[in-house]
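Here are the chains, one letter per residue:
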Amino acid sequence: MNKIVIVGGGAGGLELATKLGDHFGKRNLAEIHLVDANNTHLWKPLLHEVATGSLDGGIDELSYRAQAHNHHFTFHIGRMNDLDRERNEIVLSSIHDEKHEEILPERRLSYDYLVLAVGSQTNDFGTPGAQAFCSFLDSREQADRFHKVLLNTYLKANNQAQKEDQYNLNIAIVGAGATGVELAAELHNTAAQLRAYGLDYLKKEQLNVSIIEAGERILPALPPRISAAAHRELNKLGVEVQTQTFIKEVTEEGYWTSEGKLIPAQLKVWAAGVKAPEWMENLGGLETTKTNQIKVKPSLQTTLDDRIFAIGDCSFMLQPDGTPVPPRAQAAHQQASHVYKNLLRLVESRELKDFVFKDKGSLVNLSRYSTVGSLMGNLSGGSMMIEGRLARIVYVSLYRLHQIALHGYFKTLLMSLSGRINKVIRPRLKLH
C-alpha cells in the first residue's frame with residue numbers, strides 16, 4: 001500500500017487527511033498519516049476571537065486523534081524539523097514536558113507521497129524588540145496567552161482609571177491585514193462586554209486602539225472599495241488608523257517609528273507580514289523563496305521532487321498573470337481538494353491536472369459591529385460588494401463549509417445548534 005504523509009493539520013492539511021482517510025484508509029487501499037505539533041485543531045481565522053475572549057477555543061477545537069479514529073487515518077504528534085529525500089523520510093523532533101523530561105524521542109516517518117501543509121507565521125522582519133514586547137496570533141497557544149494578558153491588562157487599567165480620571169489604555173496593532181483589522185474591532189467589543197460585567201471605571205473614550213500600517217491603505221490585499229468601507233467602520237468605532245508608518249523598534253513603552261515618533265502602547269500586537277517557518281528554508285534541498293515558502297509546479301508538486309506536494313501558506317505558486325496564489329484559507333481549501341484529486345490520479349496512473357485558484361471573494365468581520373466584503377471575484381468576471389447582516393451570514397458560512405468538510409452536514413448542523421444554545425446559557429465573553 002502507498003503511504004501518504006501530511007504534515008500540518010490546518011485548514012488544508014486536516015481537510016485533505018479526512019478526505020484521503022475516507023477514500024483510501026477506509027478501504028485499506030493506502031496508509032494515511034497526519035503530523036501536527038498540537039493535539040487539537042482550531043480554524044486559524046478564528047484566533048483573533050479566541051484572543052479577545054469572543055470565542056471559547058475549548059468548545060470549538062477539534063481533537064486530531066478523534067478525527068483520525070472517525071476518518072480512518074493515523075495521527076502523529078510532533079514537530080517536523082528535517083526532510084531526508086534519499087530515504088523518503090521526515091524527521092520529527094523529540095517532545096518534552098514542562099520539566100524538560102523526554103516524552104517521545106526523535107522519530108522518523110517514511111512516506112511514498114508527502115504533502116507539506118504547515119501554514120505560515122507572522123514576519124516581524126527582524127524589527128528590534130518585536131519578539132520581546134509584542135504578542136503574536138499564529139497559534140492557539142499564542143491566542144490563549146494573549147487573552148490572559150488582555151484580561152490582566154484591562155483589570156489593571158480599570159483599577160488605575162478608578163484613581164485617575166485622565167488615564168488611558170493604549171493598545172496598538174502593527175499590520176492592517178485581516179487579522180489586525182478584525183482584532184481591532186473585537187477589542188472594542190471585548191471592552192464593552194467587560195464594562196457590562198463590572199469593569200466599568202475605564203470608559204469607552206479612555207480605550208485607545210490604533211492600527212499601524214506601512215502601506216497606503218488598510219487591507220492592501222483586498223479591493224480599494226472594501227478597504228475604504230472597513231476604514232469607515234473603524235473610524236466609527238474610534239480606532240485610529242495610521243498608514244504609511246514604518247516601525248523601526250519596539251520597546252516596553254510602545255513603537256518607535258522611522259521618523260522618531262513614539263506610539264505609546266501598554267499592549268502591543270504584531271500582525272504584519274507572512275512567512276513560512278524558519279526550518280523550511282532549503283528543506284531537503286527543495287527550492288524555497290526568501291520567506292521560506294516551497295516553490296511548486298501548477299500540479300502543486302514541488303519543483304524538484306514529484307513525490308512531494310505543498311499546499312496553503314507554506315507553498316509558492318505563480319498564477320498565469322504572474323501573481324502568487326494568495327495566502328488565504330480559501331486557497332488552502334481549494335489546494336487540498338486539488339491534491340486529493342491529483343493523488344487519486346497518481347494511484348490510477350492518470351495525468352495530473354494543474355491547479356487554478358478561483359477567487360470567491362473576501363470578507364472582513366468587524367466583530368458585532370459590521371462585516372464588509374466582496375463575493376464571486378473572478379467567477380463572475382467582477383465582484384459584488386456586500387455589507388452588514390448579509391455579509392455576516394456569508395462570513396459565518398465560510399466556517400460552516402470548513403466544518404462540513406471535516407464532519408459532514410449532519411454533525412455540522414448539530415454543532416451550529418449547539419453554538420446557538422451556548423450563546424444563551426454561557427457568558428457572551430470568556431472571562432477567565
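The preceding data block contains the structure.
Throughout what follows, the structure given in this document is the object of discussion. (Residues numbered from 1 in each chain as written. Predicted model: local features only at pLDDT ≥ 70, side-chain atom pairs only at ≥ 80, totals over all residues. Heavy atoms only, no water.)

## Here's the deal with the nonpolar core
Now for step 1: Ranked by internal contacts, the top residues of the largest apolar core, which has 54 residues, are L16, L20, L83, I90, L114 and L116.
Now for step 2: Filtering out sequence-adjacent residues up to four positions away, L114 remains in contact with V5, V7, L83, I90, R307, I308 and F309.
Now for step 3: Listed in part, the 50 residues of the second largest apolar core include V50, Y154, A230 and L429. (Core = buried A, V, L, I, M, F, W, Y, C linked by side-chain atoms within 4.5 Å. Buried < 20%, exposed > 50% of the residue type's maximum accessible area, 1.4 Å probe, protein only. Contact = heavy atoms within 4.5 Å.)

## Considerations on the pairing of strand β14 (residues 207-212)
Now for step 1: Within β14, five of the six residues are buried, which leaves the element mostly enclosed by the surrounding structure.
Now for step 2: Here strand β13 (residues 169-174) runs beside β14; their pairing, made up of six bridges, is parallel. Looking at β14, one finds that L169 is bridged to L207.
Now for step 3: Relative to strand β15 (residues 240-242), β14 runs parallel, the two sharing three bridges. Bridge pairing in β15 links I212 to Q242.
Now for step 4: In this region the chain leaves β14, passes through helix α8 (residues 224-237) and returns to the parallel neighbour β15; the handedness of that crossover is right-handed. (Helix = DSSP H or I, 4+ residues; strand = E, 2+ residues; numbered from the N terminus. Pairing = 2+ DSSP bridges. Right-handed = clockwise from strand over helix to strand, strands pointing away.)

## Examining the side chain of T245
Now for step 1: Tracing the backbone shows T245 in the loop between β15 and β16 (247-250).
Now for step 2: Look at T245 and you get buried, because its relative accessible area is 15%.
Now for step 3: Within the structure, T245 has its side chain in polar contact with the backbone oxygen of T243 (distance 3.0 Å).
Now for step 4: In this structure T245 touches I212, E213, A214, T257 and I263, once residues within four positions along its chain are discounted. (Polar contact = N/O pair within 3.5 Å; in protein donor to acceptor, adjacent residues only side chain to side chain.)

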